[in-house]
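# Topology and contacts: notes
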Amino acid sequence: MKNGAVVDILEKFANLLEFKGENLFKINAYRRAARTIAELGEDIEKVWQEGRLDQLPGIGDAIREKVNQFLLEGRIRQFDELAAAAPREIFDLLSIQHFGPKTAALAFKELGVETVADLRRVLEDGSLSTLPGMGPKKCENILKSLKLHESSSSQISIGLAADLVARVMDHLEKTASGRFGRLSAAGSVRRYKETVHDIDILVEAEDGREIISAFAQMDGVTRVLGAGATKGSILLDDRFQVDLRAVPSESFGAALQYFTGSQEHNVHLREIAKKAGYKVNEYGIFHDDQRVGGQFEEDIYHVL
DNA sequence: CTGACAGCGCATCTTC
DNA sequence: GAAGATGCG
DNA sequence: GTCAG
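Scoring rules and cut-offs
- Residues numbered from 1 in each chain as written.
- Chains lettered and ligands numbered in written order.
- Predicted model: local features only at pLDDT ≥ 70, side-chain atom pairs only at ≥ 80, totals over all residues.
- Heavy atoms only, no water.
- Near = heavy atom within 4 Å.
- Polar contact = N/O pair within 3.5 Å; in protein donor to acceptor, adjacent residues only side chain to side chain.
- Helix = DSSP H or I, 4+ residues; strand = E, 2+ residues; numbered from the N terminus.
- Nonpolar A, V, L, I, M, F, W, Y, C, P; charged D, E, K, R; others polar.
- Domains from an automatic or database assignment.
- Buried area = accessible area lost by both parts, 1.4 Å probe.
- Salt bridge = Lys/Arg side-chain N within 4 Å of Asp/Glu carboxyl O.
- Buried < 20%, exposed > 50% of the residue type's maximum accessible area, 1.4 Å probe, protein only.
- Axes fitted to C-alpha atoms, helices over the stretch in contact; angles between N-to-C directions.
- Parallel < 35°, antiparallel > 145°, perpendicular 65-115°, else oblique.
- Left-handed = near helix turned anticlockwise from the far one by under 90°.
- Contact = heavy atoms within 4.5 Å.
- Pairing = 2+ DSSP bridges.
- Expected span 1.5 Å × (residues − 1).

### Digging into the protein's contact with DNA strand D
Taken together, 13 residues form the shell around DNA strand D, and within it Gly58, Gly60, Asp61, Ala62 and Ile63 come nearest. Each atom of DNA strand D within 4 Å of the protein was classed as base or backbone; sugar and phosphate made up 80%. In the environment of DNA strand D, a phosphate oxygen lies 2.8 Å from a nitrogen or oxygen atom belonging to the backbone of glycine 58. With respect to DNA strand D, the backbone of aspartate 61 contributes an N or O atom lying 3.5 Å from a phosphate oxygen. Those elements that provide at least two residues to the surface near DNA strand D are helix H2 (24–38) and helix H4 (61–73). Partitioning the surface near DNA strand D into residue classes produces eight nonpolar, two polar and three charged.

Put into structure tokens, the structure is as follows:
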């Protein structure tokens, strides 16, 4: 069963294309193909042997040939070529938050950043901040993420995550009680993913300023990564990133759906909505620009 | 063969 | 310093 | 890069 390996290389292929600055839709095509195989209920080798590869959604001539090559030879020529032109630790680097493909490409080209250690160096000696687009705040955020990455606590177990969610909710109820409505975990925490990368919480409030400000002031906050009217983002205990989003009542359900994801699930859902003549976003579900739901998460699934 | 492929907030930088 | 563009998630 | 029209 090589499904996992095929999914892995297609996802990495997408990352390499992203680093190269390829067309976004092409990148997406590789990710969609990877997802198709990830969700495939049978052995990809069997499908391949039976010549049914391009019957799978999202797999056409180009990707079929690459999968073919991978199953035949255990490698993909174009993949190796792309990898050779990228930093040695490209996948590691791209997993650092706020250090995306464009920034990675820039740092690689201008400063020769090949490894996570290189990145740390250019952050600490300030050379990264001399690059166009790299303001102080951005550099600081990258440094924080890098430390998070290196402390290898970048993956939080679901149990610990649940505790942190409870802690945040507790704090909000104590300090801002009455100033908000529903409160719910979202993101991978809500999906009960075994390990999560960061923690998303959603709060129902017309004006989020107060509650986000309360959030940013809770005990254990080591850094406020951002605090606006609709979104706040903090680092808790120097290790855990927690995001709080404030949304108005009529779109709480839509936002909960959206921020619970997964991302792939959302894209999928929006495709379905579109085909059915609806538009779904984090504010609600719409038909001819008329809101037909959004206050509750069920609104969206009922309509579709 | 051609056009669509989800769509948005925040931080930052660039341009006027 | 407002408006637009870019990068990121 | 893939798919629907």
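There is more to say, and it comes next.
### Here we look at the protein's contact with DNA strand C
Around DNA strand C, the neighbouring residues are Ile96, Gln97, His98, Phe99, Gly100, Pro101, Lys102 and Thr103. Of all atoms in DNA strand C that approach within 4 Å of the protein, 100% are sugar or phosphate atoms. At a separation of 3.1 Å, a phosphate oxygen of DNA strand C approaches a polar backbone atom of glycine 100. Within the contact set of DNA strand C, a phosphate oxygen lies 2.9 Å away from a backbone nitrogen or oxygen of lysine 102.

### Details of the domain arrangement of chain A
Taken as a whole, chain A is organised into domain 1 (3–84), domain 2 (90–152), domain 3 (156–247) and domain 4 (252–303). On a C-alpha basis, the centroid separation for the pair domain 2 and domain 3 is 26 Å. When domain 2 packs against domain 3, the two sides together hide about 730 Å² of surface, and 46% of this comes from carbon and sulfur. Three residues stand out in domain 2 for area buried against domain 3, namely Gln97, Lys144 and Leu148, and they jointly supply 63% of the buried area on that side. Summed over the shared surface of domain 2 and domain 3, the number is one salt bridge. Between arginine 223 and glutamate 140 there is a salt bridge; the shortest N-O distance is 2.9 Å. Each residue belonging to the side of domain 2 that touches domain 3 can be placed in one class, and the counts come to one nonpolar, two polar and three charged.

### So, the pattern of salt bridges
Here the structure, examined in full by the defined rule, presents 28 salt bridges. Of the charged contacts, one joins glutamate 81 and arginine 77 as a salt bridge, the two residues approaching to 3.8 Å between their closest N and O atoms. On the criterion of helical spacing, the pair formed by glutamate 81 and arginine 77 is a turn pair, its members being four residues apart in helix H5 (residues 77–84). Ionic pairing is found between glutamate 110 and lysine 109, a salt bridge with its closest N-O pair at 3.2 Å. With a relative accessible area of 44%, glutamate 110 lands in the partly exposed category. Overlapping salt bridges, with partners in common, bring together Glu42, Lys46, Glu50 and Arg52 in one network.

### Some points on the packing of helix H1 (residues 3–20) against H5
Where H1 contacts H5, the axes come no closer than 10 Å and their chain directions differ by 45°. With respect to each other, H1 and H5 are oriented oblique. For the pair H1 and H5, the crossing hand works out as left-handed. For the pair H1 and H5, contact is made by Ile9, Lys12, Phe13, Leu16, Leu17 and Lys20 and by Gln78, Phe79, Leu82 and Ala83, respectively. Of the residues contributing to the contact of H1 with H5, the split by class is seven nonpolar, one polar and two charged.

### What to know about the packing of helix H8 (residues 116–124) against helix H9 (residues 136–150)
Between H8 and H9, the shortest axis-to-axis distance is 10 Å and the interhelical angle comes to 145°. H8 and H9 meet at a crossing whose hand is left-handed. From H8, Val116, Leu119, Arg120 and Leu123 reach across to H9, where they touch Cys139, Ile142, Leu143, Leu146, Lys147, His149 and Glu150. Its residues placed into classes, the contact of H8 with H9 shows seven nonpolar, one polar and three charged.

### Looking at the pairing of strand E6 (residues 231–236)
Among the six residues that make up E6, five are buried, leaving the element largely enclosed by the rest of the structure. Pairing geometry for strand E5 (residues 221–227) and E6, over five bridges, is antiparallel. Each residue of the ladder has a partner; that of alanine 227, found in E6, is glycine 232. Taken together, E5 and the strand that follows it, E6, pair antiparallel across an intervening segment of three residues. In this sheet, strand E7 (residues 240–247) lies alongside E6 in antiparallel orientation, the contact comprising six bridges.

### Some words on H9
The periodicity of an α-helix, 3.6 residues per turn, causes residues three or four places apart in sequence to face the same way. An ideal rise of 1.5 Å per residue puts 21 Å on 15 residues; H9 measures up with 21 Å between its terminal C-alpha atoms. Here H9 has its buried residues at Cys139, Asn141, Ile142, Ser145, Leu146, Leu148 and His149. Tucked inside the fold, the buried residues of H9 contact helix H6 (90–94), helix H7 (101–111), H8, E5, E6 and E7.

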